[in-house]
Amino acid sequence: MRPEYTTCYVRFHEERCTGCAECLKVCPTRAIRIRNRTSIRLVDLCIGCGACIRACAAGAISAATRPPQQIGNGHVAIALVSPVLYAQFPTAMPKDVLLGLRHMGFRHTIDMSIFLEMFQFAAAEFIRRNRETGEAPWPLISPVCPAVVRLIAFQFPALLAHVLPVLRPVALMAREVKERIIPSYEAQGRQVALYYLNPCPTMEQERFGPDGTPLRHPEISIGINDLYPDLNQRIDTILTEVPPFSETHFEYETCATANAALVAMSGGEIASMRIEKSMAVHGLRDTVAYLQKIEMGLFQEVEYFEFRTCREGCLGGVLSAVDKYMARSNVQRMLHLHGLGRRVPGNTILRLYDKGRFKPDKSPLTLTRFFGDRKPALSLEQMVRIEKILDTVAGWGCGACGAPDCPTFAEDVVRGEAELGDCQWLHPSRPCMKATPDEPGRSSPESGL
Amino acid sequence: MASLKKFFFIKARDFVHAGEASIHIQSLLKSMHWDPVLIRRVAICSYEGEMNVVIHGGDGVLNLSIENDRLIIEIIDDGPGIQDISLAMQPGYSTASDEAREMGFGAGMGLPNMKKNADDIQIESEPGIRTRASMTFLLESPKETP
Ligand SMILES: Nc1ncnc2c1ncn2[C@@H]1O[C@H](COP(=O)(O)OP(=O)(O)OP(=O)(O)O)[C@@H](O)[C@H]1O
Ligand code: SF4
Ligand code: SF4
Ligand SMILES: [Mg+2]
C-alpha cells in the first residue's frame with residue numbers, strides 16, 4: 001500500500017484517512033472511492049478543484065504543492081504573483097507584499113494588474129466583435145479559472161466552444177517573463193526558475209510545456225499558505241522599518257492600484273470589463289448548476305459568465321492562508337485606499353489584439369483528449385441493469401460502500417468495479433433492506449462507516 | 001430488445017426543483033456517450049416541456065423511454081390545458097403570468113423550440129383536463145445543431 005498517492009493536483013495520505021466518506025460526496029467528477037474502509041483510490045479524472053481538500057477533516061488530502069525550498073539559491077527566482085496574495089494582509093499594500101517577496105529571495109516579482117487589464121480589454125473586444133461575427137456561441141465563458149475549464153471538458157464538452165478564446169492573464173504574464181526577462185539571464189548562462197504563487201492546487205512542478213517538449217527552466221507552484229508565515233514576518237519588518245530596496249526593472253514589478261486585488265473576488269473580473277450582460281457565479285455547486293442550465297439552452301441572452309469554482313472567488317481558494325471573508329474585507333480596504341486605475345492605453349492593446357497576441361495557442365477542444373470520455377460508454381442493457389440495482393439498494397447515498405452515491409455505486413457494479421454485496425443495506429444481517437418510501441433516510445447513519 | 005424506462009414527477013409552480021428531470025436525463029445520456037449535440041437537443045426540449053408544466057400546467061409526470069435507436073419523452077399534466085394548440089405553437093405567443101415573466105420566462109419560444117429540436121412532436125390537450133406532449137429523438141437524426 002502506498003502511503004502517499006498523488007494526482008496532478010492533490011495528494012492523498014492514506015494513513016490519515018478515517019473512512020468518513022466526506023470527500024467522496026464533494027468531488028464533481030465522482031473520482032474518489034474508498035476501498036477496504038480507509039484506502040482512498042482515484043478511479044476517474046481529478047480536475048483539481050480542491051473540494052476534497054476542504055472536505056477532509058482528518059488532513060488526509062492536501063494539495064500537490066510543497067513548501068518552497070531555497071528560493072533563489074543557485075538560480076534566478078521569478079515570482080508570478082496571484083492577486084490573492086495581496087488579499088492576505090490587512091495592513092500591507094501590494095507594493096509591500098512584492099517587496100517582502102524580494103526579501104525572501106525572489107529576484108523579480110511580477111504583479112498581475114497590467115496583464116489582467118490587457119485580458120479584460122481583449123475579452124471585451126472579442127465580445128464586441130462577436131456581436132457582429134457570431135463566431136462563438138453565447139454565452140461566452142471566462143477561461144480564467146482552470147478548474148472550470150477542466151470541468152467543462154470533463155462534464156460539459158458541448159460547452160467548450162463557449163470558452164472565451166483569449167489568453168488567460170497568467171499566460172500573458174508568463175509569456176512576458178519568458179520573452180522579456182529570461183533571455184538576458186540566459187545570455188549570461190544563468191539558470192532561471194518560475195514560481196507561480198497560487199491559491200489553487202496545481203501541479204507541484206511542470207516539467208513539460210503545453211506542446212509536450214521539456215521545459216528549459218523549471219516552473220514551480222507554491223501554495224500561498226506555504227509561503228504565508230515567512231512572508232508575513234518579512235512584511236511586518238518592512239512596515240515598521242521601511243528598509244530601502246532597489247532593483248525593480250519593469251513597471252509590473254511594483255503595484256499601486258487595487259485592480260488585481262479586485263479580481264480575486266467573485267465578480268471582480270467582470271466589474272471592470274464594461275460588458276453589460278454579464279454574470280458572476282462562484283462555488284462548485286452553483287457553477288455546476290449554471291453550466292447545466294447553459295447546456296439546456298438557457299442564458300443565451302447573457303454575453304459573458306465569470307465562473308469560479310471556489311466560493312467568493314479565488315480568494316476563497318483552498319490554498320489561501322486567511323479566511324475568505326477576511327480576505328474580502330482586506331480587498332475592500334485596499335479599494336478604498338487606492339481605488340482602481342488604468343495603466344495600459346486602449347489603442348496599444350487593440351494593436352496587439354489585431355496582431356493576434358491574445359489568441360490561445362491551442363483550442364480548449366484539445367482538452368477533451370485529457371478530460372473527455374474517460375470511461376467506456378455504457379450500453380442500454382447496462383443502463384437497465386443499473387436501474388434494477390437502484391431498485392434493490394436503499395438509496396440513502398450513505399457512502400458506506402465506498403462510492404459517492406447510489407447511482408455511481410450501481411454503475412461501478414455494472415462495470416465490474418464493485419460488488420453488489422458492498423452495499424451495507426443488502427447484507428442479510430440487516431433486516432431493513434429497503435427504506436420505507438415515505439421515510440427516506442430517517443435511520444440513515446451520520447457518516448459512512 | 002432492451003429499453004430503459006424512467007419517470008419523474010413534476011410539480012406545478014415548483015421553480016426550485018424545476019429542471020431536475022432534464023438534468024438527470026442529460027447525465028444518463030452522457031454516460032452512454034451519446035452525441036453531445038443530440039444530448040443538448042434532448043435537454044433543451046425536456047427542459048422547455050418541464051417548465052411549461054411548472055408555469056402553465058398542473059402537477060404532471062415526465063416519462064422517459066430510451067430504445068436502441070430512439071428516445072421518447074412524454075410529458076403529461078392535469079392542468080388547465082391548451083385551448084388552441086396551433087396558436088400556442090406560434091413563436092412569441094405566451095400567456096405566462098407576471099411572476100413567470102419576472103423570472104425570465106414567457107418569451108413564447110418554448111413550444112417552437114421543442115418543435116425545432118425534436119425529430120417528432122405531438123401535442124394533445126383536453127382543455128380543463130390534461131395536456132400531453134410527446135417528443136421523439138432519433139439516434140441517427142437528420143437534424144442539425146440547436
Ligand atoms: N402544459 C401546458 N398547460 C397549459 N398551457 C400550456 C402548456 N404548455 C404551453 N401552454 C400554453 O402555450 C403557450 C406557449 O408556450 P411556450 O412554451 O411556447 O411559451 P411560454 O411558456 O409562454 O414562454 P417560454 O417558453 O418562452 O418561456 C403558453 O404561454 C401557454 O399558454
Ligand atoms: S480536487 Fe476536486 S476533482 Fe480532484 S479529487 Fe478532489 S474533489 Fe475530485
Ligand atoms: S476559483 Fe480561483 S482559486 Fe479556485 S480553482 Fe478557480 S482559479 Fe483557482
Ligand atoms: Mg414555455
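Since this is a predicted model, take the numbers as computed values, not measurements.

**Things to note about the state of the cysteines**
Moving on, step 1. Enumeration according to the criterion identifies zero disulfides over all chains in this entry.
Moving on, step 2. Considering cysteine sulfurs only, A:C398 is the nearest to A:C423, which forms no disulfide, with 6.5 Å between them.

**Concerning the site of ligand 1**
Residue and element names in this part refer to chain B.
Moving on, step 1. Around ligand 1, the structure places 20 residues, and the nearest of them are H56, S94, T95, G106 and M109.
Moving on, step 2. H56 places a polar side-chain atom, nitrogen or oxygen, 2.7 Å from an oxygen atom of ligand 1.
Moving on, step 3. T95 places a polar side-chain atom, nitrogen or oxygen, 2.5 Å from an oxygen atom of ligand 1.
Moving on, step 4. Relative to its unbound accessible area of 590 Å², ligand 1 is 94% covered by the protein chains.
Moving on, step 5. Counting residues per element, the shell around ligand 1 draws most heavily on helix α5 (residues 110–117), at three residues.

**Here we look at the pairing of strand β3 (residues 32–35) of chain A**
Residue and element names in this part refer to chain A.
Moving on, step 1. Alignment of β3 against strand β4 (residues 39–42), held across four bridges, turns out to be antiparallel. Across the sheet, the residue bridging to R33 is R41, located in β4.
Moving on, step 2. Hairpin connection of β3 to β4: three residues between the antiparallel strands, including N36 at a positive phi of 50°.

**Overview of the packing of helix α3 (residues 94–103) of chain A against helix α7 (residues 224–241) of chain A**
All names here are of chain A.
Moving on, step 1. It is the contact of α3 with α7, at a shortest axis distance of 9 Å, that shows an interaxial angle of 110°. Considered as vectors, α3 and α7 are oriented roughly perpendicular to each other. In the packing of α3 onto α7, the handedness of the crossing is right-handed. Contacts between α3 and α7 involve D96, V97, L99, G100, L101 and H103 from the former and L227, L231, R234, I235, I238 and L239 from the latter.

**Some thoughts on the packing of helix α2 (residues 36–55) of chain B against α5(B)**
All names here are of chain B.
Moving on, step 1. Running from N to C, α2 and α5 cross one another at 150°; their axes reach a closest spacing of 9 Å. It follows that α2 is roughly antiparallel to α5 by the angle criterion. The way α2 lies across α5 gives a crossing that is left-handed. Residues R41, I44, C45, E48, G49 and N52 of α2 lie in contact with α5, whose contacting residues are G110, L111, N113, M114 and N117.
Moving on, step 2. For the contact of α2 with α5, the class distribution of residues is four nonpolar, five polar and two charged.

**Focus on the pattern of salt bridges**
Any two side chains of opposite charge can pair, so long as their charged atoms come close to each other.
Residue and element names in this part refer to chain A.
Moving on, step 1. Throughout the structure, instances matching the rule amount to 22 salt bridges over all chains.
Moving on, step 2. R33 is the salt-bridge partner of D412, the closest N and O atoms lying 2.6 Å from each other. Here R33 lies in strand β3 and D412 lies in helix α15 (residues 406–414), a separation of 379 residues in the sequence. In this structure, D412 and R33 share a single accessibility class: buried.
Moving on, step 3. E179 is the partner of R357 in a salt bridge, and the nearest nitrogen-oxygen pair spans 2.9 Å. Residue R357 is located in the loop between α12 (346–354) and α13 (367–371), and its partner E179 is located in helix α6 (residues 169–187); the two are separated by 178 residues in the primary sequence.
Moving on, step 4. A residue is classified by how much of its surface remains accessible, and R357, at 28% relative accessible area, is partly exposed.
Moving on, step 5. A single salt-bridge network, built from bridges that share partners, covers E125, R128, R129 and D354.

**Digging into the sheet that holds strand β2 (residues 60–66) of chain B**
Moving on, step 1. One open sheet holds the five strands; their spatial order is β1-β2-β3-β5-β4 (chain B), and the pairing between them is antiparallel. Strand pairing shows two members of the sheet lacking a second neighbour, β1 (4–10) and β4 (120–126) of chain B, which therefore form its edges. Each adjacent strand pair in this sheet contributes to an overall mean axis angle of 10°, direction not counted.
Moving on, step 2. Here β4(B) runs beside strand β5 (residues 130–138) of chain B; their pairing, made up of seven bridges, is antiparallel. The residue of β5(B) that forms the bridge with B:E126 is B:R130.
Moving on, step 3. Strand contacts of helix α14 (residues 380–392) of chain A: β1 and β2 of chain B, with the helix running at about 50° to β1(B), the strand carrying the most contacts.

**A look at the domain arrangement of chain A**
Often the size quoted for an interface is simply the accessible area lost on bringing the parts together.
Residue and element names in this part refer to chain A.
Moving on, step 1. One can read the domain layout of chain A as domain 1 (1–64), domain 2 (76–371) and domain 3 (378–449).
Moving on, step 2. Of the roughly 1,000 Å² buried between domain 1 and domain 3 on both sides combined, carbon and sulfur atoms contribute 46%.
Moving on, step 3. Summed over the shared surface of domain 1 and domain 3, the number is two salt bridges.
Moving on, step 4. For the salt bridge of R30 with D405, the shortest nitrogen-to-oxygen distance reads 3.1 Å.
Moving on, step 5. Here domain 1 and domain 3 share four residue pairs in polar contact (both at pLDDT 80 or more) between them.
Moving on, step 6. Counting residues per element, the ones that place at least two in the side of domain 1 that touches domain 3 are α1 (22–26) and β3.
Moving on, step 7. Among the elements that take part in the side of domain 1 that touches domain 3, β3 stands out by supplying four residues, more than any other.
Moving on, step 8. When the residues that make up the side of domain 1 that touches domain 3 are grouped by side-chain class, the tally is five nonpolar, one polar and five charged.

**Digging into the packing of aromatic side chains**
All names here are of chain A.
Moving on, step 1. Under the definition given, this model contains nine aromatic pairs over all chains.
Moving on, step 2. Centroid distance F299 to F305: 5.5 Å. Interplanar angle 80°. Geometry classified as edge-to-face.
Moving on, step 3. When its relative accessible area of 17% is taken as the criterion, F299 is described as buried.
Moving on, step 4. Here Y353 and F358 contribute two aromatic rings whose centre-to-centre distance is 6.3 Å and whose plane-to-plane angle is 35°, an arrangement assigned as tilted. For the pair formed by Y353 and F358, the shared burial category is buried.
Moving on, step 5. Counting every residue linked through ring pairs, the aromatic cluster contains Y290, F299, F305 and F307.
Moving on, step 6. Taking NZ or CZ as reference, K293 lies 5.5 Å from the ring centre of Y290, over its face.

Criteria and cut-off values
- Residues numbered from 1 in each chain as written.
- Chains lettered and ligands numbered in written order.
- Predicted model: local features only at pLDDT ≥ 70, side-chain atom pairs only at ≥ 80, totals over all residues.
- Heavy atoms only, no water.
- Disulfide = S-S within 2.5 Å.
- Near = heavy atom within 4 Å.
- Polar contact = N/O pair within 3.5 Å; in protein donor to acceptor, adjacent residues only side chain to side chain.
- Areas by Shrake-Rupley, 256 points an atom, 1.4 Å probe, with all protein chains shown as cover.
- Helix = DSSP H or I, 4+ residues; strand = E, 2+ residues; numbered from the N terminus.
- Pairing = 2+ DSSP bridges.
- Axes fitted to C-alpha atoms, helices over the stretch in contact; angles between N-to-C directions.
- Parallel < 35°, antiparallel > 145°, perpendicular 65-115°, else oblique.
- Left-handed = near helix turned anticlockwise from the far one by under 90°.
- Contact = heavy atoms within 4.5 Å.
- Nonpolar A, V, L, I, M, F, W, Y, C, P; charged D, E, K, R; others polar.
- Salt bridge = Lys/Arg side-chain N within 4 Å of Asp/Glu carboxyl O.
- Buried < 20%, exposed > 50% of the residue type's maximum accessible area, 1.4 Å probe, protein only.
- Domains from an automatic or database assignment.
- Buried area = accessible area lost by both parts, 1.4 Å probe.
- Phe/Tyr/Trp six-rings, centres within 6.5 Å; stacked < 30°, edge-to-face > 60°.
- Lys NZ or Arg CZ within 6 Å of the ring centre and 35° of its normal.

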